[in-house]
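Descriptive analysis of the structure
Here's the letter readout for the chains.
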Amino acid sequence: MLILASKSPRRIEILKSLGKKFEIIPSQCAEKSTKKRPSARVVELATQKAFDVAQKYPAATVIGADTLVFCKGEIIGKPKDKQDALRILKKLNGSWQSVYTGVCIVCKDTHQLVYGYDVSHCKARRLSVDELAHYAGKHMDKAGAYAVQDDDDPFIEKIVGSRTNVVGFPVEFYQELQKEFSK
C-alpha cells in the first residue's frame, strides 16, 4: 500500500497525474524544526511526516513532503493570517527566491528509507501595494502566500528549475528517489 502523508490538494493531484494508486493519510505531527538551512528543514519535516504515518502503517510505503520559500535570508512558510500574507508578498515582491521541497519515502517493515530535497528559483513580478493587498490572504495554505498553479495568480514571472517543485511536489526528484527506494 502507498500512502501520501499529506492532504495538500496539489500533492494529491500531482501524484494522481503519475498514475499512482494511493491512500491519503495526513500526518498529525507538530511540524517543528530547529534547522536553520532551508534544505535541512524541509528534509527534517518531510521525514517527520512520513514517519508519523509509518508508525501507524508499518507495512505501507509512506511519502512525506514539505515545502518552504527562502528569500533575503528568511525561511518563509505558510502565512499565519492576511496581514502576514501581505508582509510575505511585500518581502518577495520583485525579488528572486528559492523554493525548497523535501521528500521522504519510508517503509518501516522493510527498513527502507530514502530522502532528499529539490530546489527551484523563482522571480516575482514587482506588483503595486494595491495589487499585493488584493492577493494577500488568497493563498493562506501555501508557502510564500502565492500559487504558481493558479492561472489568475500573476506573482511569479520566471521559474528556474522544476515547476512541480514550486507547486509542492517535485515530480522528477520524486521519481529519482523512488528508483533508489526500489533497489
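Here is a short report on the structure shown in this document. Remember, predicted model here, so these are calculated numbers, not experimental data. (Residues numbered from 1 in each chain as written. Predicted model: local features only at pLDDT ≥ 70, side-chain atom pairs only at ≥ 80, totals over all residues. Heavy atoms only, no water.)

Observations regarding the overall build of the protein chain
Filter applied, for reference: Strands are runs of DSSP state E lasting at least 2 residues, helices are runs of H or I lasting at least 4, and numbering of each runs from the N terminus. Each radius of gyration is computed over the set of C-alpha atoms, and the globule rule expresses the reference value as 2.2 Å times the number of residues to the power 0.38. A 1.4 Å probe rolled over the protein chains alone gives each residue an accessible area, and that area as a share of the maximum for its type sets the label: buried under 20%, exposed over 50%, partly exposed in between. We call two residues in contact when some of their heavy atoms are within 4.5 Å. Surface accessibility follows the Shrake-Rupley procedure with a 1.4 Å probe radius. Residue values consider only the protein chains on display as shielding. His is not counted here, nor are the chain ends, while Lys and Arg score as positive and Asp and Glu score as negative. The location of each charge is read from NZ of Lys, CZ of Arg, CG of Asp or CD of Glu.
Across its full length, the protein chain carries six helices and seven strands. For 183 residues, the compact-globule estimate of 2.2 N^0.38 gives 16 Å, and the C-alpha radius of gyration of the protein chain, at 16 Å, lies within 12% of that figure. Dimensions of the protein chain along its principal axes, counting C-alpha atoms only, are 55 × 30 × 25 Å. Across the 183 residues that make up the protein chain, the buried fraction comes to 50%. The contacts in the protein chain between residues at least 6 apart in sequence include a share of 66% that link residues at least 24 apart. For the protein chain, the computed accessible surface area is about 9400 Å², with 50% contributed by carbon and sulfur atoms. On the protein chain, the mean spot of the 30 positive side-chain charges and the mean spot of the 22 negative ones are 3 Å from each other.

Focus: the packing of aromatic side chains
Heads up, the condition is: Only rings of Phe, Tyr and Trp enter the pairing, Trp through its six-membered ring, and a pair is recorded when the two centres are within 6.5 Å. The plane angle decides the type: under 30 degrees is stacked, over 60 is edge-to-face, the rest tilted.
Counted according to the given criterion, the structure contains three aromatic pairs. Measuring from centroid to centroid gives 5.9 Å for Tyr 100 and Tyr 117, while their planes differ by 40°, and the two rings are tilted. Taken together, the positions of Tyr 100 in strand β5 (residues 96-107) and Tyr 117 in strand β6 (residues 112-124) put the pair 17 residues apart, joining distant regions of the chain. Here Tyr 100 falls in the buried class, since its relative accessible area comes to 15%. Residue Tyr 117 is classed as partly exposed on the basis of its relative accessible area, which comes to 38%. Aromatic side chains Phe 169 and Tyr 174 sit 5.1 Å apart centroid to centroid with 45° between the ring planes, which places their arrangement in the tilted category.

Details of the pattern of salt bridges
Operational definition: Salt bridges are counted wherever a side-chain nitrogen of Lys or Arg sits within 4 Å of a carboxyl oxygen of Asp or Glu.
Tallied over the entire structure, the rule returns 10 salt bridges. Look at the salt bridges and you will find they share partners, linking Glu 74, Asp 84, Arg 87 and Lys 91 into a network.

Things to note about helix α1 (residues 9-17)
Among the residues of α1, Arg 10, Arg 11, Ile 12, Ile 14 and Leu 15 are the ones counted as buried. Looking at the buried residues of α1, the elements they touch are β1 (2-4), β2 (23-24), α2 (38-56), β3 (61-71), α5 (163-167) and α6 (171-182). Phi turns positive one or two residues past the end of α1, at Gly 19, with a value near 80°.

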